[in-house]
Amino acid sequence: MDLFSILKNNWPIALGITALMSLVLGYMLSHWMGKIRKNSSERLAHKILEEAKLERETQLKTAKLEVKEEIFRARTQFESEMRQRREELVQMEKRIVEKERVVEKRLESIDRKESDLRQKEKMMKSQEETLSLKEKELESLLEKEHLLLQNVSGISRDEARKELLGKIQAEVKEDAALMIRQSEARVREEVSRKAQWLMVDAVGRCAMDHVQEITVTAVALPSDEHKGKIIGRDGRNIRTFEAATGVDLIIDDTPDTVVISAFDMVRREIARLSLEQLIRDGRIHPARIEEVVERIKKEIDESIRQAGEKAVFQMGLSTVHPEIVKLLGRLKYRTSYGQNVLEHSKEVGWLMGVMAAELGLDIKTARRAGLLHDLGKALSHEIEGPHALIGGDFARKYGESEEVIAGIAGHHNELPEPTLWGVLTQAADALSAARPGARSDTVEHYLQRLEKLEGLANAFPGVEKTYAIEAGREIRVIVKPQEINDDGALVLSRDIAKKIKSELQYPGIIKVTVIRETRVVEYAR
């Protein structure tokens, strides 16, 4: 029996033998594989070492080359810098050598100058000594001359000095007086020109209506039949009307017209409105007349207040006391030389505002003073005294400022000392009064005033002819040159102006011009 058959019949033994053989084969295989792996690892390690050695040698060679190149570059740069430094040092040495030469030259120049200065100093000392000797000689000579002059003139040095100073002071005073006169003349001329320009500008920029009133008012009637109604039975109606209104009612042969006569414009206006109302109603009897007149009086009072408020509003003013407003409205029914006082007051306010703006003053205050300057005329028939002072006291009573009060009270030179606001108000008042058409004047009165003006000037000695021109605003006096010199002409103009001011009444101002002329005529034959 062979081994295969034994194993086939005894399979557990066969399985054990197989397992044992598998173990032996496995061990041998693993041992053989280990040797293989070991040999492979050794060869790989050897290869890696060889490659590392080659790489190290390559890196060493590369590093050596880089070091050599760096050393070469550093050496090259160092040599370049050293050459540059050597060149700089050479240049510096040259500059130092050049500066040393310059310094040596300067030192030599300084040495020469010092020697020159020492020589000049010696010369100056010698010259000073010479001058000192000459000064002593001059002093002695001057002293001798002074003594000789004193002996000759008989006065001392101090007396001569005082006399000389006195002469110099006199000459200086004369020169100063001449300069002062010339300066005053220039200032007066400039002030006059500026004032004229200012007034002309103010008048040109202010245009106001001028209302000329008269003392009578004509009332038109529908027919002459109403004249009988107005007169009434036994004249009861006309008597009641005149007593209630305070006017004179003139009924004459003028067709369809009656005339109301009164100096008081308020009464005349009340009478006019009342009469027109009675004529429209047709019922004219004493009770009705009194009723209508009383109602019209209240309406007039209201219109007076409204007129004052309107004037204040037109001037652009505020915070005006109601009593002042009421009194201002009453000026609507007052006239001065035929000029409506309220319109005149508004014009003065506008003129003062324009002039104040040019002079740098407060425009509101100027307008206020101009508007209220004739306030006293509404009270002048009730209170004794000048209307300027009356108006100033009334304005002070109701809280107006001192500037406004000064303008009101001082516009007719009734204050002891003139003020700026008084002078400004006076100038604006004169401008408003002097404008053409502002005030009415009869031809007869006008001619009489011109004749008086010319006669007053002709009464002075040395006057040859006199002419009143510019509607009596200027008088030109021609004098005899052989009797009156230039200084006399100046004195004559002042004397004529003083006499006009003291003896004549006139609106505005009058200019006095004295003309002195010398003519020499010769004929060539």
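Use the structure listed above.
Colleague: Would you mind going over the overall build of the protein chain in detail, with residue names and values included?
Modeller: Along its length, the protein chain carries 15 helices and eight strands. Of the contacts made within the protein chain by residues no fewer than 6 positions apart, 61% connect residues no fewer than 24 positions apart. About 36,800 Å² of surface is accessible on the protein chain, with carbon and sulfur atoms providing 56% of the total.

Colleague: Lay out the packing of helix H10 (residues 363-372) against helix H12 (residues 402-409) with the relevant residues and their values.
Modeller: Each pair of packed helices can be described by the angle between their axes along with the distance between the axes. For the pair H10 and H12, the least separation of the axes is 8 Å and the interaxial angle reads 40°. For the crossing formed where H10 meets H12, the hand is right-handed. Residues Thr365, Arg368, Ala369 and Leu372 of H10 lie in contact with H12, whose contacting residues are Glu403, Val404, Gly407 and Ile408. Looking at the contact of H10 with H12, its residues break down into four nonpolar, two polar and two charged.

Colleague: Could you give me a rundown of the side chain of Ser274, with the residues and numbers involved?
Modeller: Turning to its location among the elements, Ser274 is positioned in helix H6 (residues 265-281). Here Ser274 falls in the buried class, since its relative accessible area comes to 0%. A polar side-chain atom of Ser274 sits 2.7 Å from the main-chain carbonyl oxygen of Ile270. With near-sequence residues (within four places) excluded, Ser274 lies in contact with Phe241, Val292, Val293 and Ile296.

Colleague: Would you mind going over the packing of helix H7 (residues 286-314) against helix H9 (residues 341-359) in detail, with residue names and values included?
Modeller: Put simply, H7 and H9 touch, their axes get as near as 11 Å, and they point 15° apart. Classified by the interaxial angle, the pair formed by H7 and H9 is roughly parallel. In this structure, the crossing between H7 and H9 has a hand that is right-handed. Contacts between H7 and H9 involve Ala307, Ala311 and Gln314 from the former and Leu342, Lys346 and Trp350 from the latter. Looking at side-chain class alone, the contact of H7 with H9 contains four nonpolar, one polar and one charged residues.

Colleague: Give a detailed account of the pattern of salt bridges, specifying residues and quantitative values.
Modeller: Taken as a whole and judged by the stated rule, the model has 15 salt bridges. A salt bridge links Arg305 to Glu309; the nearest nitrogen and oxygen atoms lie 2.4 Å apart. With a gap of four residues between them, Arg305 and Glu309 both fall in helix H7, about one helical turn apart. Relative accessible area serves as the criterion here: at 39%, Glu309 is assigned to the partly exposed category. Salt bridges here are not isolated pairs; linked through shared partners, they connect Glu269, Arg272 and Glu276.

Colleague: So what's going on with the sheet that holds strand S8 (residues 511-515)? Residues and values would help.
Modeller: Taking strand neighbours across the sheet as the criterion, the three strands line up as S6-S7-S8 in an open arrangement whose pairing is mixed. Edge positions in the sheet fall to strand S6 (463-469) and S8, since each has one partner strand and no second. Taken pair by pair, the neighbouring strands of this sheet meet at an average axis angle of 15°, ignoring direction. Of the pairings in the sheet, the one linking S6 to strand S7 (residues 474-479) comprises six bridges and is antiparallel in character. Opposite Tyr467, over in S7, you have Arg476 as the bridge partner. Taken strand by strand, helix H15 (residues 486-503) contacts S6, S7 and S8, and its axis lies near 150° from that of S8.

Colleague: Talk me through the packing of aromatic side chains; I want residue IDs and the actual numbers.
Modeller: The relative placement of two aromatic rings is captured by the distance of their centres and the angle of their planes. Under the criterion given, the structure shown has one aromatic pair. With a centroid separation of 4.8 Å and 50° between ring planes, the pair formed by Phe394 and Tyr398 is classed as tilted. The ring of Phe460 is capped by Lys499, whose NZ or CZ atom sits 5.3 Å from the centre of that ring.

Colleague: Pulling in residues and values, what's your account of unusual backbone geometry?
Modeller: In the Ramachandran plot, Asp234 falls in the positive-phi region, its phi being about 55° despite a non-glycine side chain. Among the structural elements, Asp234 can be located in the loop between helix H4 (225-231) and helix H5 (236-245). When its relative accessible area of 66% is taken as the criterion, Asp234 is described as exposed.

Conventions we followed
Residues numbered from 1 in each chain as written. Predicted model: local features only at pLDDT ≥ 70, side-chain atom pairs only at ≥ 80, totals over all residues. Heavy atoms only, no water. Helix = DSSP H or I, 4+ residues; strand = E, 2+ residues; numbered from the N terminus. Contact = heavy atoms within 4.5 Å. Areas by Shrake-Rupley, 256 points an atom, 1.4 Å probe, with all protein chains shown as cover. Axes fitted to C-alpha atoms, helices over the stretch in contact; angles between N-to-C directions. Left-handed = near helix turned anticlockwise from the far one by under 90°. Nonpolar A, V, L, I, M, F, W, Y, C, P; charged D, E, K, R; others polar. Buried < 20%, exposed > 50% of the residue type's maximum accessible area, 1.4 Å probe, protein only. Polar contact = N/O pair within 3.5 Å; in protein donor to acceptor, adjacent residues only side chain to side chain. Parallel < 35°, antiparallel > 145°, perpendicular 65-115°, else oblique. Salt bridge = Lys/Arg side-chain N within 4 Å of Asp/Glu carboxyl O. Pairing = 2+ DSSP bridges. Phe/Tyr/Trp six-rings, centres within 6.5 Å; stacked < 30°, edge-to-face > 60°. Lys NZ or Arg CZ within 6 Å of the ring centre and 35° of its normal.

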